[in-house]
Amino acid sequence: MRETVEAMLHTRLSARKGGVVDRRSGNSSPLMEELAHNQQTLRELEGKLLPRPSRPVVIAVANQKGGVGKTTTAVNVAAALALGGLRVAVIDSDPQGNASTALGIPHTQGTRSTYEVLLGESSLREAFRPCPDIPGLVVCPATIDLAGAEVELVDEPERATFLREAVDELLVSPDRPDIVLIDCPPSLGLLTLNAFVASDGLLIPVQAEYYALEGLSFLWRTVERIRDELNPGLQQLMIVVTMIDGRTRLSAEVASEVREHFPEQVLNATVPRSVRVSEAPSYAQTVLTYEPRGTGSVAYRLVAHEMANRLAAADSAIEPDLESTDG
Ligand SMILES: Nc1ncnc2c1ncn2[C@@H]1O[C@H](COP(=O)(O)OP(=O)(O)O)[C@@H](O)[C@H]1O
Ligand SMILES: [Mg+2]
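Residues numbered from 1 in each chain as written. Chains lettered and ligands numbered in written order. Predicted model: local features only at pLDDT ≥ 70, side-chain atom pairs only at ≥ 80, totals over all residues. Heavy atoms only, no water.

Engineer: Outline the overall build of the protein, listing residues and values.
Structural biologist: The number of helices and strands found in the protein is 14 helices and seven strands. Sequence separation of at least 24 residues holds for 79% of the intrachain contacts in the protein that already meet a minimum separation of 6. For the protein, the exposed area adds up to about 14,700 Å²; of that, 51% sits on carbon and sulfur atoms. (Helix = DSSP H or I, 4+ residues; strand = E, 2+ residues; numbered from the N terminus. Contact = heavy atoms within 4.5 Å. Areas by Shrake-Rupley, 256 points an atom, 1.4 Å probe, with all protein chains shown as cover.)

Quick look at the structure:
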């Protein structure tokens, strides 16, 4: 299955290199090239069901940096996985509730949410709401109450395992999801800790910008500590490079630098910077439904495809490369 994705990516690259000639001017146009390779990739993905992991998998979408594309990645990958035939749940664990917004789920104060789940006042199944546009996708929303949780729970001896308990309960239910994605806030506080303890792996979005690698080795060390002390099952580490600007050399350089440091973990599929991707949440949509045939959709479908293949294939651990990148 992995080969399929690689073959697909290879096709995309060759399509790009070959170029597409504008019939009127006789020139190759980047826009036409992009449209052509989107069409081709879509044809290849058409009707393709994603592989189902043999047991449910929980992935935290995390990076302590803000604005790197965590929420965007969580909601679009979730949508792509669900549209690929998997049963998917998103747990919004950022008090901003941006993932809830993007997936069309109300999250005003008083809504049953991740806050009640952490406090043990609700199960995840009771808090789940179906995403209106995407069959097979349910969401546990976040309300602003979650902002208080870090403070309220800080003295509880079991403070790191509240989410894990709720997730464990969910995963033994007959209608359990195949994949759970947790959208983390931009910090390594108690909410993120709960997500790491509840997860089998991480999807780390890295923004293609100058300081991309800064902070990653700290995140890596945190993962190591959590494995040693709290959750040895936190094994599947994946990095996705986001917001690549095809017009700048910097973007390409950053992407290859991240790849050099984390060759095992970085997904082949990357996400370009796209206005449609950033517009979609204001229509309470993912880019998969907002512009199904656009560059952003194609990119996130490829990310989801590659992820699903990795999760289905790998029962073995992926050891992180602990070479320091920022001291
Ligand atoms: N591929 C993309 N192209 C354009 N804008 C993007 C892309 N990914 C994310 N953004 C925008 O960047 C900002 C930060 O993204 P977000 O997913 O909210 O980051 P985080 O959750 O890490 O804070 C948002 O305004 C979002 O719309
Ligand atoms: Mg976010």
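Having seen it, we continue.
Engineer: So what's going on with the packing of helix H3 (residues 70–83) against helix H14 (residues 295–313)? Which residues, and what values?
Structural biologist: For the pair H3 and H14, the least separation of the axes is 8 Å and the interaxial angle reads 75 degrees. Compared by their axis directions, H3 and H14 come out roughly perpendicular. Across the interface between the two elements, Thr72, Thr73, Asn76, Val77, Ala80 and Leu81 from H3 touch Tyr300, Arg301, Val303, Ala304, Met307 and Ala308 from H14. The residue inventory of the contact of H3 with H14, partitioned by class, reads eight nonpolar, three polar and one charged. (Axes fitted to C-alpha atoms, helices over the stretch in contact; angles between N-to-C directions. Parallel < 35°, antiparallel > 145°, perpendicular 65-115°, else oblique. Nonpolar A, V, L, I, M, F, W, Y, C, P; charged D, E, K, R; others polar.)

Engineer: Tell me what's going on with the pattern of salt bridges, and back it up with residues and numbers.
Structural biologist: Across all of its chains, the model carries 13 salt bridges by this definition. In this structure, Asp178 engages Arg52 in a salt bridge whose closest nitrogen and oxygen atoms are separated by 2.4 Å. Residue Asp178 is found in the loop between helix H8 (162–171) and strand S5 (179–183), and its partner Arg52 is found in the loop between helix H2 (30–45) and strand S1 (57–61); the two are separated by 126 residues along the sequence. Under the relative-accessibility criterion, Asp178 is labelled buried at 4%. A salt bridge links Asp245 to Arg247; the shortest N-O distance between them is 3.1 Å. What makes Arg247 exposed here is its relative accessible area of 75%. Within this structure, Arg52, Arg87 and Asp178 form a network of salt bridges that share partners. (Salt bridge = Lys/Arg side-chain N within 4 Å of Asp/Glu carboxyl O. Buried < 20%, exposed > 50% of the residue type's maximum accessible area, 1.4 Å probe, protein only.)

Engineer: Lay out the site of ligand 1 with the relevant residues and their values.
Structural biologist: Close to ligand 1 lie 14 residues, the nearest being Gly67, Lys70, Thr72, Pro272 and Ser274. Separating an oxygen atom of ligand 1 from a backbone N or O atom of Val68 is a distance of 3.1 Å. One of the backbone N or O atoms of Thr71 is found 2.9 Å from an oxygen atom in ligand 1. Relative to its unbound accessible surface of 560 Å², ligand 1 loses 78% to contact with the protein. Put simply, ligand 1 lies in the second largest pocket. When residues of the shell around ligand 1 are traced back to their parent elements, those giving at least two are H3 and helix H12 (275–279). Looking at the shell around ligand 1, the element that brings in the most residues is H3, giving three residues. (Near = heavy atom within 4 Å. Polar contact = N/O pair within 3.5 Å; in protein donor to acceptor, adjacent residues only side chain to side chain. 1 Å grid on protein atoms, 1.4 Å probe; cavity = no way out; pocket = protein on both sides within 12 Å on 5 of 7 lines; lining within 4 Å. Sits in = over half its atoms within 2 Å of the grid points.)

Engineer: Tell me about the nonpolar core, and name the residues and values.
Structural biologist: One finds Leu124, Ile182, Phe196, Ile239 and Val258 to be the most contacted residues of the largest nonpolar core, which totals 53 residues. In this structure, Ile239 is in contact with Ile204, Val206, Leu216, Trp220, Val258, Phe262, Gln265, Val266 and Leu267, ignoring residues within four places of it in sequence. Counting residues in hydrophobic clusters, the runner-up holds 45 residues, among them Ile59, Ala79, Ile179 and Ala280. (Core = buried A, V, L, I, M, F, W, Y, C linked by side-chain atoms within 4.5 Å.)

Engineer: Residue-level account of the environment of Ser274, with values.
Structural biologist: When you line up the elements, Ser274 lands in the loop between helix H11 (249–261) and H12. Residue Ser274 is classed as buried on the basis of its relative accessible area of 18%. In the structure, Ser274 is positioned 22 residues away from Gly296 in sequence and 6.3 Å away in space, judged by C-alpha atoms.

Engineer: Residue-level account of a negative patch on the surface, with values.
Structural biologist: A grouping of Asp155, Glu156, Glu158 and Glu165 is seen on the molecular surface, where their side chains present a negatively charged patch. You can call Glu156 partly exposed: its relative accessible area is 37%. (Patch = residues over 30% accessible without salt bridge, like charges linked within 9 Å, V, L, I, M, F, W, Y side chains within 5 Å. Lys, Arg positive; Asp, Glu negative; His and termini not counted. Charge placed at Lys NZ, Arg CZ, Asp CG, Glu CD.)

Engineer: Describe in detail the pairing of strand S7 (residues 236–242), supporting the description with residues and values.
Structural biologist: Most of S7 sits out of view: seven of its seven residues are buried. Burial along S7 is two-sided: the residues Gln236, Met238, Val240 and Thr242 and Leu237, Ile239 and Val241 are all buried. One ladder, built from seven bridges, connects strand S6 (residues 201–207) with S7; its direction is parallel. Across the sheet, the residue bridging to Pro205 is Val240, located in S7. In terms of handedness, the path from S6 via helix H10 (residues 216–229) over to S7 forms a crossover that is right-handed. (Pairing = 2+ DSSP bridges. Right-handed = clockwise from strand over helix to strand, strands pointing away.)

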